Amino acid sequence: MEYHLTIKDLPPDSRPRERLATLGPQALSHAELLAIILGSGTHDSTAIELANRVLARPEGVRFLAEATWEELTQIRGIGRAKAAQIKAAVELGRRLVVLRPDDPPQILAPQDAAHLVMEEMRYLDREHFQVFSLNTKNRVLALETVAVGTLNSAGIHPREVFKNPIKRSAAAIILVHNHPSGDPSPSRDDIAITKRLLEAGSILGIEVLDHLIIGNNRFVSLKEQGLI
């Protein structure tokens, strides 16, 4: 009979949970962190071996954020329960990243706005158009989704963009949308939408400060590009 090493067979200082308790989570590898989330392995694999199997995809740890339920359960050793544990952990991490403090965040530069939405938007598989409503001190009153799907200049109507900022008595807005391709380079439609909304904001007395396009861990500010 072939003998399979288990986590309990490892020296205490090599076990993921003990290493986390002693050294902190920052000291653990992706596989060790995922092994703790999985909780256990299978009859022929330790939790770490199973974690390495999940992370063996070319996308690496990014696969955890992008994978569907079906894709996870197709991996040998990942059943419905373990897939649920992975998706729950990823979602909790996402919510913590975008958690708003009691004091509303202040946007003084494009990087400030990008930081607030990057982790939420960079993995989306469809384009989402969102609007920051800001007060006179550029503090965030709200961040709201206006449209989802393929965007074009005809599909984004000023009425929908400015409806909630008007209700909130916003002094200014920042437009944000993502490119699922990961490349945040502005398209002609992106520029056309921006110009149209700039004109509408001027009429309404609500300044359009910027339009950010979110890619994979990078972004483009149309203001910094001289397009606003």
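Our structure is the block above this text.
What counts and how
- Residues numbered from 1 in each chain as written.
- Predicted model: local features only at pLDDT ≥ 70, side-chain atom pairs only at ≥ 80, totals over all residues.
- Heavy atoms only, no water.
- Salt bridge = Lys/Arg side-chain N within 4 Å of Asp/Glu carboxyl O.
- Helix = DSSP H or I, 4+ residues; strand = E, 2+ residues; numbered from the N terminus.
- Buried < 20%, exposed > 50% of the residue type's maximum accessible area, 1.4 Å probe, protein only.
- Axes fitted to C-alpha atoms, helices over the stretch in contact; angles between N-to-C directions.
- Parallel < 35°, antiparallel > 145°, perpendicular 65-115°, else oblique.
- Left-handed = near helix turned anticlockwise from the far one by under 90°.
- Contact = heavy atoms within 4.5 Å.
- Nonpolar A, V, L, I, M, F, W, Y, C, P; charged D, E, K, R; others polar.
- Pairing = 2+ DSSP bridges.

1. Some points on the pattern of salt bridges
Under the counting rule described, the total for this entry stands at 8 salt bridges. In this structure, R62 engages E66 in a salt bridge whose closest nitrogen and oxygen atoms are separated by 2.3 Å. In this pair, R62 and E66 both sit in helix α4 (residues 62–66), 4 residues apart, roughly one turn of the helix. For R62, a relative accessible area of 27% corresponds to the partly exposed category. Between E160 and K163 there is a salt bridge, with its nearest N and O atoms 3.6 Å apart. Residue E160 and its partner K163 are both found in helix α8 (residues 158–167); the two are separated by 3 residues, about one turn of the helix. Residue E160 is classed as partly exposed on the basis of its relative accessible area, which comes to 34%. Three or more residues are tied together by salt bridges with common partners; here these are R159, E160 and K163.

2. Looking at unusual backbone geometry
The backbone phi angle of N138 is positive, close to 65°, even though this residue is not glycine. Exposure remark for N138: the relative accessible area of 22% places this residue in the partly exposed category. Here S169, not a glycine, exhibits a phi torsion of approximately 55°, which is positive. For S169, the position within the fold is in the loop between α8 and β3 (172–178). S169 sits in the exposed class, given a relative accessible area of 62%.

3. Topic: the packing of α8 against helix α9 (residues 188–204)
One way to put it is that α8 packs onto α9 with a least axis distance of 10 Å and a crossing angle of 40°. Here α8 is positioned oblique relative to α9, judged by the angle of their axes. The two elements α8 and α9 meet at a crossing, and its hand is right-handed. Facing P158, V161, F162 and I166 of α8, the residues of α9 in contact are R196, L197, A200, G201 and L204. Here the contact of α8 with α9 is built from residues that sort into 7 nonpolar, 1 polar and 1 charged.

4. Topic: the sheet that holds β3
Strand order in the open sheet formed by 5 strands is β2-β1-β3-β4-β5, and the pairing between neighbours is mixed. Either end of the sheet is taken by a strand with one partner, and the two such strands are β2 (140–148) and β5 (219–221). For this sheet, the mean angle separating the axes of adjacent strands, direction not counted, is 20°. Here strand β1 (residues 128–134) runs beside β2; their pairing, made up of 7 bridges, is antiparallel. Residue pairing for β2: S133 is matched across the bridge by A142. The sheet contacts of helix α7 (residues 110–121) involve β1, β2, β3, β4 (207–214) and β5, and relative to β4 the element is tilted by about 45°.

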